[in-house]
Amino acid sequence: MKVEQISIFIENKSGRLAEVSQKLGQAGVNIRALSLADTSDFGILRLIVDKTDLAKKTLKENNFTVSKTEVVAVEVPDRPLGLHSILEILDGGGVNVEYMYAFVERCGENAVIIFRFDDPEGAIRVLVENGLTVLTGERVCRM
Amino acid sequence: MIWNDEFETLPREAIEALQLKRLKRTLERVYATVPFYRENFRQAGVTPEALKSLDDLRRFPFTLKQDMRDNYPYGLFAAPLDQIVRIHASSGTTGKPTVVGYTRRDIETWAELMARSFGAAGAHRGDVIHNAYGYGLFTGGLGAHYGAEKLGASVIPMSGGNTKKQIMIMQDFGSTVLTCTPSYSLYLAEAAAEEGFDIRQCKLRVGIFGAEPWSEEIRREIEEKLNIKAIDIYGLSEILGPGVGIECVEAQNGLHIWEDHFIPEIIDPDTGEVMPPGELGELVITTITKEGIPMIRYRTRDITRLISEPCVCGRTHVRLERMSGRSDDMLIIRGVNVFPSQIESVLVKIEGVEPHYQLIVGREDNLDTLEVLVEVNEKTFSDEVKVMQELSTRIRKEIKDLLGVTCKIRLVEPKSIARSEGKAQRVIDQRPR
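Conventions used here
Throughout this description, residue numbers start from 1 for each chain and increase along the sequence as written. The lettering of chains begins at A and the numbering of ligands begins at 1, in the order of writing. Reporting in this predicted model follows two pLDDT cut-offs: at least 70 for local features of residues, and 80 or more for side-chain atom pairs to be given and counted; totals over whole chains, interfaces and linings ignore these cut-offs and use all residues. Secondary structure counts use DSSP, requiring at least four H or I residues in a row for a helix and at least two E residues in a row for a strand, with both numbered from the N terminus. Atoms considered for the radius of gyration are the C-alpha atoms alone. The globule rule reads 2.2 Å times the number of residues to the power 0.38. Note on burial: count the other C-beta atoms lying within 10 Å of the residue's C-beta; 20 or more is buried, 12 or fewer is exposed, in between is partly exposed, and C-beta positions come from the backbone. Residue pairs are scored as contacts if the distance between their C-beta atoms, which are placed from the backbone, is within 7 Å. Put simply, a nonpolar core is buried Ala, Val, Leu, Ile, Met, Phe, Trp, Tyr and Cys residues tied into one set by C-beta atoms within 7 Å. Note: two strands are recorded as paired if DSSP finds a minimum of 2 bridges between them. Segmentation of the chain into domains, including their bounds, is taken from an automatic or database domain assignment. In this count, Pro and Cys sit with the nonpolar residues alongside Ala, Val, Leu, Ile, Met, Phe, Trp and Tyr, while Asp, Glu, Lys and Arg are called charged and the others, Gly among them, polar. pLDDT is a per-residue confidence score from the predictor, ranging from 0 to 100. Note on geometry: axes are lines fitted to C-alpha atoms, helical ones only across the stretch in contact, with angles between N-to-C directions running from 0 to 180 degrees. For classification purposes, an angle smaller than 35 degrees is called roughly parallel, one larger than 145 roughly antiparallel, one from 65 to 115 roughly perpendicular, and anything else oblique. We call a crossing left-handed when the near helix sits turned anticlockwise from the far one by less than a right angle, and right-handed when that turn is clockwise.

**Student:** Would you take a moment to explain the overall build of chain A for this structure?
**Tutor:** Along its length, chain A carries five helices and seven strands. When the helices and strands of chain A are listed from N to C terminus, the series reads β-α-β-β-α-β-α-β-β-α-β-α. Computed over its C-alpha atoms, the radius of gyration of chain A comes to 16 Å, within 12% of the 15 Å expected for a compact globule of 143 residues. If one aligns the C-alpha atoms of chain A with their principal axes, the spans along those axes are about 45 × 30 × 25 Å. Looking at chain A as a whole, 30% of its 143 residues qualify as buried.

**Student:** Any chance you could explain the overall build of chain B here in plain terms?
**Tutor:** A count of helices and strands for chain B gives 11 helices and 21 strands. Its C-alpha radius of gyration of 22 Å places chain B within 12% of the 22 Å reference for a compact globule of 433 residues. If you line up chain B on its principal axes, its C-alpha atoms span 75 × 55 × 40 Å. Within chain B, the fraction of its 433 residues that count as buried is 45%. Considering only residue pairs separated by 6 or more positions, chain B has 66% of its internal contacts joining residues 24 or more positions apart.

**Student:** When you look at the nonpolar core in this model, what are you seeing that I'm missing?
**Tutor:** For soluble globular proteins, nonpolar side chains are generally found buried alongside one another. In this structure, B:Met114, B:Ala121, B:Ala123, B:Ile231, B:Ile239 and B:Phe262 are the most contacted members of the largest nonpolar core, which totals 86 residues. Per element, the largest residue contribution to this core is seven residues, and it comes from helix α5 (residues 104-120) of chain B. Setting aside anything within four residues of it in sequence, one finds B:Ile231 in contact with B:Ala121, B:Val206, B:Gly207, B:Ile208, B:Phe209, B:Ile246, B:Glu247 and B:Val249. Among the nonpolar cores identified, the runner-up in size contains 57 residues, and A:Phe9, A:Phe117, A:Ala123 and A:Leu135 belong to it.

**Student:** How should the pairing of strand β18 (residues 357-364) of chain B be read in this particular structure?
**Tutor:** Both faces of the sheet carry side chains from a regular strand, because those side chains alternate between them. Residue and element names in this part refer to chain B. Sheet topology note: the β18/strand β19 (residues 367-375) ladder contains eight bridges and is antiparallel. From the neighbouring strand, arginine 363 faces β19, where its bridge partner is aspartate 368. Taken together, β18 and the strand that follows it, β19, pair antiparallel across an intervening segment of two residues, in which aspartate 365 is found at a positive phi of about 50°. As defined by bridge partners, β18 adjoins strand β21 (residues 427-429) across three bridges and the pair is classed as parallel. Residue leucine 359 lies in a different strand from β21, and its bridge partner there is valine 427.

**Student:** Help me understand the domain arrangement of chain A in this model?
**Tutor:** Interfaces are often sized by the amount of accessible area the parts lose when they come together. Residues and elements named next belong to chain A. By domain assignment, chain A separates into domain 1 (3-69) and domain 2 (71-142). Opposite the nine residues of domain 1 that make contact, domain 2 presents 10 residues. Across the side of domain 1 that touches domain 2, the residue classes tally to three nonpolar, three polar and three charged.

**Student:** When you look at the environment of B:Ala120 in this model, what are you seeing that I'm missing?
**Tutor:** Residues and elements named next belong to chain B. Within the secondary structure, alanine 120 is located in helix α5. As a C-alpha pair, alanine 120 and arginine 297 span 177 residues in sequence and 26 Å in three-dimensional space. Aside from chain neighbours lying at most four places away, what touches alanine 120 is Ile246, Cys248, Val249 and His256.

**Student:** Can you help me understand the confidence of the model for chain B in this one?
**Tutor:** Detail in the predicted coordinates should be disregarded across regions flagged by low pLDDT. Confidence in the prediction of chain B, expressed as mean pLDDT, is 92, and 96% of residues score 70 or more. Among the scores for the predicted complex, ipTM is 0.88 and pTM is 0.71.

**Student:** It is not clear to me how the sheet that holds strand β13 (residues 306-307) of chain B should be interpreted in this structure. Could you clarify?
**Tutor:** Sheets are built from strands paired through backbone hydrogen bonds, the pairs being either parallel or antiparallel. All names here are of chain B. With mixed pairing, the nine strands of this open sheet are ordered in space as β4-β3-β5-β6-β7-β8-β9-β14-β13. The strands lining the two open edges of the sheet, one partner per strand, are β4 (154-156) and β13. Bridge count between strand β8 (residues 241-247) and strand β9 (residues 255-257): three bridges; the pairing is antiparallel. The residue of β9 that forms the bridge with glutamate 247 is leucine 255. Along the sheet, helix α6 (residues 139-151) makes contact with β3 (128-131), β4, β5 (177-180) and β8, crossing β8 at roughly 65°.

**Student:** Can you walk me through the sheet that holds strand β20 (residues 408-412) of chain B in this structure?
**Tutor:** Residues and elements named next belong to chain B. Spatially, β20-β19-β18-β21 is the arrangement adopted by the four strands of the open sheet, whose pairing is mixed. Strand pairing shows two members of the sheet lacking a second neighbour, β20 and β21, which therefore form its edges. Strand-to-strand twist in this sheet, taken as the mean axis angle between neighbours without regard to direction, amounts to 20°. Across the sheet, helix α10 (residues 340-349) touches β18, β19 and β21, and the angle it forms with β18 is around 125°. Contacts from helix α11 (residues 385-403) reach β19 and β20, with the element oriented near 135° to β20.

**Student:** Help me out: how do you make sense of the interface of chain A and chain B in this one?
**Tutor:** Contacts between the two partners involve 15 residues from chain A, matched on the other side by 14 residues from chain B. Looking at the side of chain A that touches chain B, the elements with two or more residues in it are β1 (3-11), β3 (42-49) and β4 (66-77) of chain A. Within the side of chain A that touches chain B, the residues separate by chemical class into four nonpolar, six polar and five charged.

**Student:** Would you mind going over the packing of α10(B) against α11(B) with me for this structure?
**Tutor:** Packed helix pairs are specified by the crossing angle of their axes together with the interaxial distance, meaning the distance between the axes. Residue and element names in this part refer to chain B. Closest axis-to-axis distance for the α10/α11 pair is 10 Å, and the angle between their directions is 135°. Relative to α11, the element α10 lies oblique. Judged by the twist between their axes, the crossing of α10 over α11 is right-handed. Contact residues: α10 offers Gln342, Ile343, Val346 and Leu347, while α11 offers Ile395, Glu398, Ile399, Leu402 and Leu403. Counted by class, the contact of α10 with α11 contains seven nonpolar, one polar and one charged residues.

**Student:** Just to check I follow, could you spell out unusual backbone geometry for this structure?
**Tutor:** Generally, phi is negative for residues other than glycine and the peptide bonds are trans, each holding for most cases. For the bond running from B:Tyr72 to B:Pro73, omega is -10°, close enough to zero to count as cis. The phi torsion at A:Leu81 lies on the positive side, around 70°, for a residue other than glycine. In this structure, A:Leu81 sits in the loop between β4 and α3 (82-92). Located in the positive-phi region is B:Asn162, a residue other than glycine, with phi close to 50°. In this structure, B:Asn162 sits in the loop between β4 and α7 (163-172). You can call B:Asn162 partly exposed: it has 13 C-beta atoms within 10 Å.

As structure tokens, then:
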């Protein structure tokens, strides 16, 4: 039920982000979702891609520091209070969110929220018990 | 193995008697042949006759690196060029290089002292010595080469660079002894791992590392990553090149300096006074057998102390404590003395952090600033910003605790700090002069 995410360390200098997209594109990797966390000195780019292992290998060969982590993708109706309903459930279940980002499905009816939890198993249990749809990595990539 | 049993284990009185005899001869030689020394002695009010005992050496003036530059290129040679068979020069990153010349006998002495040094490190006939010191004007490559041949080992004259080939040859030729800079040995280990080759599995047994300062922590890291004994060697081209002093493999505690060829003194770098025995100060060396370019009381800028207690290996020559740094490398940041090796010791203590760093010193609003660049690697990288910021904070705090200096930590991408194939550039000082 968990989705693989790769994270890349990016120094704050021009062209580094473009290099990531170029190398991944040349390797035939498609990016499904992304988020960039930035500080004054560096950024951390998090990606969900269709070919995680190939993406990791390609970036490592180009001297990027890459790590793989597991995140949880949850489907919510794309309407007001959609996000809030999930956060309320998580809060009620005592689940801590490290960070999150979202994208909207192509059909436009649902949004997908990607969560990084310190305890993903516990979080999934709370979500499923409350009737929410937790997506597999495969589903996320096919969207 | 003790290469030269007679000389390496001479009793103290015999060493001192030999030193006095050889020192007298050297003083006479430079006074007669080198105008610089004649003038320098005259200004200090001394002549070679002033030397009655070894203690009188302190009455003679120092020789500085600047004196070599002022007498560029051959002004300090004490032998005519037709007796000089080899010329080396320092890298000369600032100004003209310093030039040294060797007579045939100097080359033989050098090979003898390097052979002794190899022996002290545990190398012997039958070893395959992989010599990755640079060959050329730099003394490292040829100095180690001649010593290895004298020892009777099989020497591979690799020189620096071409790391992939180094790894292939090390593997295929069965190298047992590695000679290079300490930072290059770690670079080799890293490059080997990338090639999918476990350098710990090859036949290397001993590494002899010098030409740049390195800490005990780095020694442990090298010994662990390469599965070898890491031995510290000391030398400088102005005095000889590699082989002025070396650790013995038995103690790995202090570097024996070959006292039948050199006289070490420790001085206070500020006042120039000789320090009491065992005190920390600047190392000053006088050569007593060199013919091409003898050096009288040469100020090395290296900070150390003399260890005169007997050593377990049986050698009677005094030891230099491992260098705490060069007075040249020492940075003064907001009035605090900082050696790059201290920053290094902080970094290697933090789990996962590799000692690839660079210090950038600058000035803002008349205040010195110190920025420490540290490479991120897979062990220290996290997808969470807070974890990365905790790493920066921890490094900053430990540096502050050790040195009392506040610095800024900049995490940078792996391999973005230039790897040294020769000497590492650890410091970039951008302060206006």
